[in-house]
Structure formats: C-alpha cells, structure tokens
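Residue-level structure breakdown
Okay, here's what each chain looks like letter by letter:
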Amino acid sequence: MNRSRTVRLLVGSLVLLLAFAAACLVIRRLFPFPEIPNVHAKLAYFREHQNDYDTLFVGSSRINHQIIPAMFDQLSQTAGLPTKSFNAGVAGMRPPEDAYFFDQLLAARPQRLRWVFIEVNYIRANIAEELEGTVRAQYWHDGPRLWQMWQRVTYLKPSNKRRTLKKVWGELREPLADFPEHLGLFVREMSNLGKGDFLARQLLHERADWRLTLPEYLGPGLAGWRETGRGEEMIPENRIKFEKERAARLAEPAVHDLGDPVSQENLETMIAKVERLGATPVLIVPPMTGKKAFYPSPERAQKTMLLDFNDIVRFPELYESRHRLDWDHLNTAGAEIFTRLLAEHWIAAVKASAKGR
C-alpha cells in the first residue's frame, strides 16, 4: 500500500510539473514581445517590413552606431550592386543574445534577404552591469541559450599538462560563478515571473503607439542607424586609454583570437540560418584597439566573406582620435568613413568572386 501510494505521488507530481511547464510555455508564447528600448523597436519594425530589405546588419553598438544604411545603399547603387539595407544592430548585444535576436528577426520569414552582415564576437559569461535586473538581460534566456552558457562556463582550454582537480576548479571557479545568474534568468523567463506588471499595463491601460518612438531608435529614414548620443569627441579619460592602446597596436598588431568552441558554434549556427534562407553571410571584424579580437576559424574564413577592419596600418583613418569616441567606438565622422570602407571592400569582394566563377 505504501509503495503504491508513493508511486501515485511521484506520478502525480510529475504530471503536475509537466502541466506547469506546458502552461508556462503557452503563456510565454502568448505574451507580446517585451518593449525593451531599441530591441523591441527594431524587431517590431522589421517584422512589419521584412520584405522591404535585401540586406541586414546584425551586431552590437559597433554595428548599430557605425554602419549607415542610406550611405551604404547609395554606394552599392553607384557600383551597380543595389541594396536596400536595415541596421538591426543593438548596443550591448553580444553572443548568444545576438543569435536569439536573429531568430526573432527570421521568425518574420523575410523572403528577399540576399546579404546578412554579422559582427563576430565572443560569448561572455557575465551579464553587463548596466543590464543586471532588467528585462533586457532576461528575455533571451531560452533553453538553447542556457545550454550554450553552461558549455561556455565549463569549457577548459586544451593543455598538454595533466590537470589535477584543484587545477580544474581553479580554472572553472570564476566562470562558473556567473552561471547561477543565467539559470535564474532562465527560470524567470520560462515561468514568466515578473511579467504580471507588463501584462497588466497591456490589458488595463491604453497602450502608447510604439511607432511614435521609432525615429528615436531607428534614426533617419527608419533604417536602424542613429548617432550614439555621446557627443562627437572623446572625453579625456577615454582619450588616455585610446592613445595608449593605439600606440600598442602600432607596435604590435592585435592577436587573432579564435576564442572557445562555443563562441565559434554560435557563429556557425547564425551562418547556417542565413544560408538556409538562400542569403549570403558576410562577417565583420570592426576597428578596435584591444590586444586581441575574436575571429572565425580559418576554415570558416576560407568559406565565407570576411571583412576585417581591425588593422591600424591598413585603415589608419579609422584610428584617428578625431574619428573616435573610445577604443571600441567611432563617432559620426568615423561611422561615415567605416560605412564607405565597408561598402568599398564588400563591392570589391563581390565583383572579384563573380569574376572567379
């Protein structure tokens, strides 16, 4: 009798747990996409105009504020390779959030995409301090992204030396410390915790028309590019670090870092989705001054167009202080130069590829 009662209790608990999980997933699907500044505006606008564009730019602020679609389209038109482009870059968007956001863009089933430019970047385990406790930090935490984070924090770099348990723990302790936060965000997102206030506002209050704020987030022509809002000159603190790193890069170029397999896999997944659409992926390494930068694997670089601007010798004008805001970002004048160089190198690569066929 006791054994039978225990079995019934376990089965009942399992059924209850499965029912709860199913209800959470259904509710999550029914929720409107959260109105996260910039993220929501770009996604909602693209979903309504998905077939207006044949070219898409995806990445962080180094894409968001540094590639000007109208200028790119004008240059491509002049070169006989007309495009209609949309800048879907979002400040602070790094892997694997970029892959989740890209999935949401593709859920609109765009039919005309021919080119997708992707900024290459590492998966970083920590949540940016300014995003902690926000919906922006939470919304992309689904099952695949949580699994990627677990793989990332438990990754051990290959070594010829035998590792003791103490050595393994010493290497994993710091990255593993970031995982509980991701697990908590996953639980909150999957169980819809914290969304009651958002839903109440949707149901009980007159909703503001999100289209009214589009110029603020999508910029001129609603093409996705806008100025940084940080002015056009480096502040003194940034200038000191920039000049120091600039001198270091002149003396010693940045290391081409392949990062970890999880970051490479995140990039490969995005590339595969682009190719399944029948579009062509183009990888971008923006101009930065750090001692190392993430690069795709050599095998991937041979198969996919890679436009690398992380070279102070080849592109000195991108590294002039008058064109910068800091070690990672360009001002508007720099964005214009970067857009022109990006278009010119892309046009040259496309034409060279066509001749080689």
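Residues numbered from 1 in each chain as written. Predicted model: local features only at pLDDT ≥ 70, side-chain atom pairs only at ≥ 80, totals over all residues. Heavy atoms only, no water.

**Digging into the overall build of the chain**
Scanning the chain for helices and strands turns up 15 helices and 7 strands. Counted over contacts in the chain with a minimum sequence separation of 6, partners at least 24 positions apart contribute 80%. Element-wise, carbon and sulfur atoms account for 57% of the exposed surface of the chain, whose accessible area totals about 19200 Å². (Helix = DSSP H or I, 4+ residues; strand = E, 2+ residues; numbered from the N terminus. Contact = heavy atoms within 4.5 Å. Areas by Shrake-Rupley, 256 points an atom, 1.4 Å probe, with all protein chains shown as cover.)

**Observations concerning the packing of aromatic side chains**
Tallying each qualifying case throughout the model produces 15 aromatic pairs. For the ring pair Phe 46 and Tyr 53, a centre distance of 6.4 Å and an interplane angle of 20° mean the geometry is stacked. This pair shows no difference in class: Phe 46 is buried, exactly as Tyr 53 is. Members of the aromatic cluster, joined through ring pairs, are Phe 57, Phe 72, Trp 115, Phe 117 and Trp 346. Over the ring of Trp 327 we find Lys 241; its NZ or CZ atom is 4.0 Å from the centre of that ring. The positively charged end of Arg 324 is found above the aromatic ring belonging to Tyr 319, 5.4 Å away from the centroid. (Phe/Tyr/Trp six-rings, centres within 6.5 Å; stacked < 30°, edge-to-face > 60°. Buried < 20%, exposed > 50% of the residue type's maximum accessible area, 1.4 Å probe, protein only. Lys NZ or Arg CZ within 6 Å of the ring centre and 35° of its normal.)

**Remarks on helix α13 (residues 261–276)**
Taking 1.5 Å per residue as the helical rise, α13 with its 16 residues ought to reach 22 Å, and the 22 Å between its terminal C-alpha atoms agrees with that figure. N-cap assignment for α13: the residue whose side-chain oxygen lies 3.0 Å from the backbone N of Val 262 is Asp 260. Immediately downstream of α13, the backbone of Gly 278 shows phi near 85°, a positive value. (Expected span 1.5 Å × (residues − 1). Polar contact = N/O pair within 3.5 Å; in protein donor to acceptor, adjacent residues only side chain to side chain.)

**Some words on the side chain of Asn 87**
Structurally, the position occupied by Asn 87 is in strand β2 (residues 85–87). Excluding anything up to four places from it in sequence, Asn 87 contacts Lys 42, Phe 57, Ile 63, Asn 64, Ile 67, Pro 69, Ala 223, Gly 224 and Trp 225.

**Some words on helix α12 (residues 236–251)**
Given 3.6 residues per turn, any residue in an α-helix points the same way as the ones three and four places further on. Look at α12: 23 Å from first C-alpha to last across 16 residues, which is about the 22 Å you get at 1.5 Å a residue. Inspection of α12 places Asn 238, Phe 242, Glu 245 and Arg 249 among the buried residues, and these make up the whole buried set. Viewed end-on, α12 has its buried residues packed into an arc of 75°, placing them on one side of the element. Facing away from the buried surface of α12 by more than 90 degrees, the exposed residues are Pro 236, Ile 240, Lys 244 and Ala 251. (Arc of directions from axis to C-beta.)

**Details of the pairing of strand β3 (residues 115–119)**
Where burial is concerned, most of β3 is hidden: 5 out of the 5 residues are buried. Residues Trp 115, Phe 117 and Glu 119 line one face of β3 and the alternating positions Val 116 and Ile 118 line the opposite face, and both faces are buried. Strand direction decides the pairing type here: strand β1 (residues 55–58) and β3, joined by 4 bridges, are parallel. Bridge assignment links Val 58 to a residue of β3, and that residue is Ile 118. Where β3 and strand β5 (residues 280–285) come together, 5 bridges link them in parallel fashion. Looking at the pairing, Val 116 lines up with Pro 281 of β5. (Pairing = 2+ DSSP bridges.)

**Description of the sheet that holds strand β7 (residues 305–308)**
On the basis of which strands lie adjacent, the open sheet formed by 5 strands has the order β2-β1-β3-β5-β7 and parallel pairing. Both edges of this open sheet fall to β2 and β7, since each of them pairs with a single strand only. On average, adjacent strands in this sheet sit at an angle of 20° to one another, irrespective of strand direction. Across 4 bridges, β5 lies against β7 in parallel orientation. Note on β7: the bridge partner recorded for Leu 283 is Leu 306. Set on the sheet, helix α4 (residues 69–78) makes contact with β1, β2 and β3; between it and β2 the angle comes to about 155°. (Axes fitted to C-alpha atoms, helices over the stretch in contact; angles between N-to-C directions.)

**Brief notes about the nonpolar core**
Ranked by size, the top nonpolar core spans 52 residues in total, and within it Leu 56, Phe 86, Phe 101, Phe 102, Leu 105, Val 116 and Tyr 139 carry the most contacts. Ranked by residue count, the leading element in this core is helix α5 (residues 97–106), at 6 residues. In terms of nonpolar packing, the next biggest core, distinct from the first, is built from 24 residues, Val 282, Tyr 319, Leu 330 and Ala 343 among them. (Core = buried A, V, L, I, M, F, W, Y, C linked by side-chain atoms within 4.5 Å.)

**Considerations on the packing of helix α7 (residues 143–153) against α13**
Relative orientation and spacing of two packed helices are given, respectively, by the angle between their axes and the distance between those axes. Interaxial distance between α7 and α13 falls to 9 Å at its minimum, and their mutual angle equals 150°. As the angle between them shows, α7 and α13 are arranged roughly antiparallel. Here Gln 148, Gln 151 and Arg 152 of α7 come into contact with α13, specifically with Val 262, Glu 265 and Asn 266. (Parallel < 35°, antiparallel > 145°, perpendicular 65-115°, else oblique.)

**Considering empty space enclosed by the protein**
This model, assessed by the stated rule, comprises 3 cavities of 30 Å³ or more. Estimates place the volume of the largest cavity at around 120 Å³. If you trace the largest cavity, you find 14 residues lining it, with Arg 94, Glu 97, Ile 127, Leu 131 and Trp 140 closest to the centre. Estimated volume of the second largest cavity: approximately 40 Å³. Looking at the second largest cavity, the residues that line it are Pro 95, Asp 98, Ile 118, Glu 119, Val 120, Asn 121, Ser 263, Asn 266, Leu 267, Met 270 and Phe 294. Elements that contribute at least two residues to the lining of the second largest cavity include exactly β3 and α13. Looking at the lining of the second largest cavity, the element that brings in the most residues is α13, giving 4 residues. Split into classes, the residues belonging to the lining of the second largest cavity amount to 6 nonpolar, 3 polar and 2 charged. (1 Å grid on protein atoms, 1.4 Å probe; cavity = no way out; pocket = protein on both sides within 12 Å on 5 of 7 lines; lining within 4 Å. Points joined across faces, edges and corners; volume = space filled by probe spheres on them. Nonpolar A, V, L, I, M, F, W, Y, C, P; charged D, E, K, R; others polar.)

In short, the description is geometric, and any link to function would need to be established separately.
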